[in-house]
Amino acid sequence: MSIVTVQLGQCGNQIGHEVFNSLCSDIHGTHGLCSKKENKSYHDSCKERFFCEEESGVPIARAVLVDMEPKVISQTLSMAARSGHWKYNSHSHFCQKQGSGNNWANGYSVHGPKHKEAIMNLVQKEAEKCDRLEGFFTIMSMAGGTGSGLGAFVTQCLRDAFPTSFILNHVIWPYGTGEVIVQNYNSVLTLSHLYQSSDALLVHENDVIHKICAQLMNIKQISFRDVNQVIAHQLGSVFQPTHTAGGGSGYSRNPLGDLMETLVPHPEFKMLGLRNIPQMPENSLAYSTFSWPGLIKHLRQMLIANAKMEEGIDWQVRPPHPGSFIPSTNKPLHFNTSIANLVILRGKDVHSIDLGSFQDPSLYTSWLNPQDAFNAWETPRAFNKYEKSASLVSNSQFLLKPLDSIVGKAWNMFASKAYIHQYTKFGIQEEDFLDCFTTLEQVISSYTNL
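Residues numbered from 1 in each chain as written. Predicted model: local features only at pLDDT ≥ 70, side-chain atom pairs only at ≥ 80, totals over all residues. Heavy atoms only, no water.

Draft legend 1. The overall build of the protein, seen in detail. Helices and strands together make up the secondary structure of the protein, namely 14 helices and 14 strands. In terms of overall size, the protein behaves like a compact globule, its C-alpha atoms giving a radius of gyration of 21 Å where 450 residues would be expected to give roughly 22 Å. If one aligns the C-alpha atoms of the protein with their principal axes, the spans along those axes are about 60 × 60 × 45 Å. The 450 residues of the protein split such that 59% are buried. Contacts spanning at least 24 positions in sequence make up 81% of the contacts within the protein whose residues lie at least 6 apart. Surface accessibility of the protein: about 18500 Å² in total, with carbon and sulfur atoms responsible for 52%. Distance from the positive charge centre (36 side chains) to the negative charge centre (40 side chains) of the protein: 5 Å. (Helix = DSSP H or I, 4+ residues; strand = E, 2+ residues; numbered from the N terminus. Rg over C-alpha atoms; globule rule 2.2 N^0.38 Å. Buried < 20%, exposed > 50% of the residue type's maximum accessible area, 1.4 Å probe, protein only. Contact = heavy atoms within 4.5 Å. Areas by Shrake-Rupley, 256 points an atom, 1.4 Å probe, with all protein chains shown as cover. Lys, Arg positive; Asp, Glu negative; His and termini not counted. Charge placed at Lys NZ, Arg CZ, Asp CG, Glu CD.)

Draft legend 2. The arrangement of helix H4 (residues 104–129) in detail. For H4, built from 26 residues, the straight-helix expectation of 38 Å at 1.5 Å per residue is missed by more than 12%, its first-to-last C-alpha distance being only 32 Å. The largest bend along H4 reaches roughly 65 degrees and is located at Lys116. With a side-chain oxygen positioned 2.8 Å from the backbone nitrogen of Ala105, the residue opening H4 is Asn103. (Expected span 1.5 Å × (residues − 1). Bend = angle between axes of the 7 residues up to and from the residue. Polar contact = N/O pair within 3.5 Å; in protein donor to acceptor, adjacent residues only side chain to side chain.)

Draft legend 3. Looking closely at the sheet that holds strand S13 (residues 374–379). In space, the 11 strands of this open sheet follow the order S6-S4-S1-S7-S8-S9-S11-S14-S12-S13-S10, with mixed pairing throughout. In this open sheet, the two edge strands, each paired with only one partner strand, are strand S6 (93–95) and strand S10 (243–244). The sheet contact formed by strand S11 (residues 271–277) and strand S14 (residues 388–396) spans five bridges and is antiparallel. Bridge assignment links Arg275 to a residue of S14, and that residue is Leu392. Running at roughly 150 degrees to strand S4 (residues 63–67), helix H3 (residues 70–83) makes contact with S4 and S6 of the sheet. Where helix H9 (residues 255–263) meets the sheet, it contacts strand S1 (2–8), strand S7 (133–141), strand S8 (166–173), strand S9 (200–205), S10, S11, strand S12 (338–347), S13 and S14, and its direction lies at approximately 75 degrees from that of S8. (Pairing = 2+ DSSP bridges. Axes fitted to C-alpha atoms, helices over the stretch in contact; angles between N-to-C directions.)

Draft legend 4. The arrangement of the packing of aromatic side chains in detail. In the structure shown here, the tally under the stated rule is 19 aromatic pairs. A ring pair is formed by Tyr42 and Tyr251, whose centres lie 5.8 Å apart and whose planes are at 70 degrees; its orientation type is edge-to-face. Here Tyr251 lies in the loop between S10 and H9 and Tyr42 lies in helix H2 (residues 36–50), a separation of 209 residues in the sequence. Look at Tyr42 and you get buried, because its relative accessible area is 0%. Both rings, one in Trp86 and one in Tyr88, keep their centres 4.9 Å apart while their planes meet at 75 degrees; by these two values the pair is edge-to-face. Just as Trp86 is buried, Tyr88 falls in that class too. (Phe/Tyr/Trp six-rings, centres within 6.5 Å; stacked < 30°, edge-to-face > 60°.)

Draft legend 5. Summary view of the domain arrangement of the protein. Split by domain assignment, the protein resolves into domain 1 (2–272), domain 2 (282–397) and domain 3 (401–449). Distance from the C-alpha centre of domain 1 to the C-alpha centre of domain 3: 26 Å. Across the contact, 29 residues belong to domain 1 and 24 residues belong to domain 3. Summed over both partners, the interface of domain 1 with domain 3 comes to about 2300 Å²; 74% of that surface belongs to carbon and sulfur atoms. (Domains from an automatic or database assignment. Buried area = accessible area lost by both parts, 1.4 Å probe.)

Draft legend 6. Focus on unusual backbone geometry. In the segment running from Ile277 into Pro278, the intervening peptide bond is cis, with an omega of -10 degrees. Along the chain, the position of Pro278 falls in the loop between S11 and helix H10 (292–304). For Asn102, which is not a glycine, the phi torsion comes out positive at approximately 55 degrees. Relative to the helices and strands, Asn102 resides in the loop between S6 and H4.

Draft legend 7. A look at the sheet that holds strand S3 (residues 60–61). What the three strands build is an open sheet, ordered S2-S3-S5; its pairing is mixed. Each edge of the open sheet is held by one strand with a lone partner, namely strand S2 (51–52) and strand S5 (87–88). Note: S2 against S3, two bridges, orientation antiparallel. Bridge assignment links Cys52 to a residue of S3, and that residue is Ile60.

Spelled out as structure tokens, the structure:
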């Protein structure tokens, strides 16, 4: 089954391009470390999922590119075409000349309704090219105006037009120190609207990825491209083909459905975080060896201690003892409770790995059976030059702190009526803000009480 990617705004288009690059370099790599037959079925499964074939033999990304200014889209289209490995369909993009001025209301209330027909026509055409459409993967940031406002509007349109398809929104959380003065407003409006129409939100925090670039990748002058490549690598590590539990011998045909089924048991809880190990500069890979028990031990502690990367994990954090009832307010300090977790293993000897430590009932909320709360996918085919790699997609309290902080900052601005006029002139009233705060306060409360 195929996934149509919708790239929204400058950030969404730049990351989308890196994601397709990462998928392609993985398929074309000679580092599969598995049998020819396995490699071929992996290859075919990835192509069906993300690309359609062209007579010329160059795969075309199943994607729609949307932005309110032309520069980034034209750069993205030409970079993809120059790569020679893949390209975008030259007709699957929509751009305007004026931008959204970092204003969510402008993207949502003005550009959205005005260009709805043109954008949805492009999406419809892409969807019709799929033999079997599984759903949509949208990529957007929350800080600006187009990705966030238009992104929220387009997500609602997708939900109306394709009520039975899955929608996974990939959301970039803004830097805490801020790129845009009104980013907290834009973020609150985006998250609360996506919560109504999306099946799940997969979140990457800019601050975290920046740290990974600095500390693990040893990059001195970090550019947006560096950050985007790390994000793309992590996304590829989840969406490239795998064998799911009970899925028979072939590769899973419906990655989005499998992801939702394993990780989103209740519509109140749809915030997913992603961790991937190991991560290091390419030139260090030749000198590194990893054992599965070591990787799994690190990944589990990253989950428990809510660590963002494999360096600087707090090893003191332990799960509460089973059987001892602890009200959620007195939980061990910094312990991160999960609703559901998915571990994805790629590379050598994946069949011999013991994942029992992830099935420990004390990691999970009491209302879900640990057998249902934990799943593992695997493939003997290595990913992007890493002999062994593991990813964790987690529906847990990972995002509680950043969410609480963003809502708090936005509320403080709202209480003093700062910049509200920028939104009311495009039809977003104070009541709309209050509704959004209410939605997110409810989400925070639900995650806090796990």
